[in-house]
Amino acid sequence: MPLMMESLAQIDREIRTLHEFCVSKGYSPRQIRTTASPLFKHIQNASRKRLLLRSGKIVAGVLLVLSLLYINPVYNLMCVFGKRLEIKVLPFWDWTYIYYKDCIVTNPFYHPNKLYIDDCLACEDLEGVPRASNVSISAVAEQHLKSDVPLIVVDGVGDWSAKRNFNWTFLKELYNEDERLKDSYPCAFTSNVRVKYGNNRLFLQKVVSGDLQKWFAFWENCERKVARVFRQFYQRPYFLPPMVELTESNWVFLSNDYRSKNYKEVPIGADVVWFAQLKGKSYVKLTPKTPCNKVCTELVGTLDEGEILLYTDIMWYLDYMPSEFGENIAIAVGGFWDKRR
């Protein structure tokens, strides 16, 4: 490094000497630039090559990182290390306010759905979740979705193959043997059983082998190919208005003889959510969001086999607790529809 710096200093001195010589001989600045243009061109070409080389390295690095993100084990490892880094940084910089923001840069022209105190009149006198059967699409749209009033549809689950076929062995074979599922990983895997990388295939293997007795688990089939396979086992609920467009992903909720003391949060973020009980039963709790939590009360209900809970995310938080007896299987799907406010 000292030798390089000395060489650069020598070159700088020679260029300055040459410039002074040209000035002393009466060369104008334009003539000096014209005479030195071959040297300037060489310097510019060298700078351009260095810039292209650096840009190429950056692009190659970005492409490498992006390609690694498509490898599920690598992606999960990066998530683990990222979370550890976030925890270590937290004492020095509170980044949580950015995490909980929907958008870092505020758009003055964007007006998201927002609850006002007048909206809470719809749930002010509710003491439980309404129940109905053979309900019409128009009634669901006008009396429930547009009014943010939840509903349990007693005959919501029709003759779905999921209701007939789903059990621990069927799900284990589905996730482990189907070519589209056997290399996949779920999102938001939650359970009382620790499984590395949220590997639901390994979890189901333990269930079928009898290694687990009392347990619960739920996860999101967030990969498109997995969600598409899963959709063949259920149909769009008959009462759902056509204005609702369902999300591509779907959720699975399983439990066996698990005696829970607390409700579990259902972290599905969508305008509308339907939660279908295929086997067993679940206890559900709907908590009104601000400012309606000052006017409306929590709604608690039981979802029996074959029933579907429908609610809007703008008004309610959903928590569930699986029955402590036997097998419990449920699925849930979110949806979006034209904003009305």
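Quick caveat, the model's predicted, so the values are computed rather than measured.

Here the amide bond leading from Thr290 into Pro291 is cis, since omega sits at 5°, within 30 degrees of zero. As for its position among the elements, Pro291 is in the loop between strand S9 (282-288) and strand S10 (299-303).

Glancing now at the environment of Asn200. Assignment of secondary structure puts Asn200 in helix H9 (residues 200-209). Relative accessible area serves as the criterion here: at 2%, Asn200 is assigned to the buried category. Put simply, Asn200 and Cys187 are 13 residues apart on the chain and 9.9 Å apart in space, counted from C-alpha to C-alpha.

What follows covers the sheet that holds strand S7 (residues 264-265). Spatial ordering of the open sheet is given by S7-S12-S9-S10, a layout of four strands whose pairing is antiparallel. Strands with a single pairing partner mark the edges of an open sheet, and in this sheet they are S7 and S10. The pairing of S7 with strand S12 (residues 316-322) spans two bridges and is antiparallel. If you follow Lys264 over to S12, its bridge partner there is Tyr320.

All right, on to helix H6 (residues 137-145) then. If you check which residues of H6 are buried, you get Ala139, Val140, Ala141, His144 and Leu145. Looking at the buried residues of H6, the elements they touch are strand S2 (151-153), strand S8 (272-279) and strand S11 (308-312).

Bringing the packing of helix H8 (residues 168-177) against H9 into the picture now. Packing of H8 against H9 brings their axes to within 9 Å, and their N-to-C directions diverge by 145°. Considering how the two elements wind past one another, H8 and H9 form a crossing that is left-handed. Seen from H8, the contacting residues are Trp168, Thr169, Leu171, Lys172, Tyr175 and Asn176; seen from H9, they are Asn200, Arg201, Leu204, Gln205, Val207 and Val208. Within the contact of H8 with H9, the residues separate by chemical class into six nonpolar, four polar and two charged.

Moving on to the state of the cysteines. With the rule as written, the count across this model stands at three disulfides. Between Cys120 and Cys292 runs a disulfide, and the two sulfur atoms are separated by 2.0 Å. On the S-S bond that ties Cys120 to Cys292, the torsion sits near -85°, and the link is left-handed. Taken together, the residues Cys120 in the loop between helix H5 (96-99) and strand S1 (131-132) and Cys292 in the loop between S9 and S10 connect sequence positions 172 residues apart.

Calculation rules
Residues numbered from 1 in each chain as written. Predicted model: local features only at pLDDT ≥ 70, side-chain atom pairs only at ≥ 80, totals over all residues. Heavy atoms only, no water. Helix = DSSP H or I, 4+ residues; strand = E, 2+ residues; numbered from the N terminus. Buried < 20%, exposed > 50% of the residue type's maximum accessible area, 1.4 Å probe, protein only. Pairing = 2+ DSSP bridges. Contact = heavy atoms within 4.5 Å. Axes fitted to C-alpha atoms, helices over the stretch in contact; angles between N-to-C directions. Left-handed = near helix turned anticlockwise from the far one by under 90°. Nonpolar A, V, L, I, M, F, W, Y, C, P; charged D, E, K, R; others polar. Disulfide = S-S within 2.5 Å.

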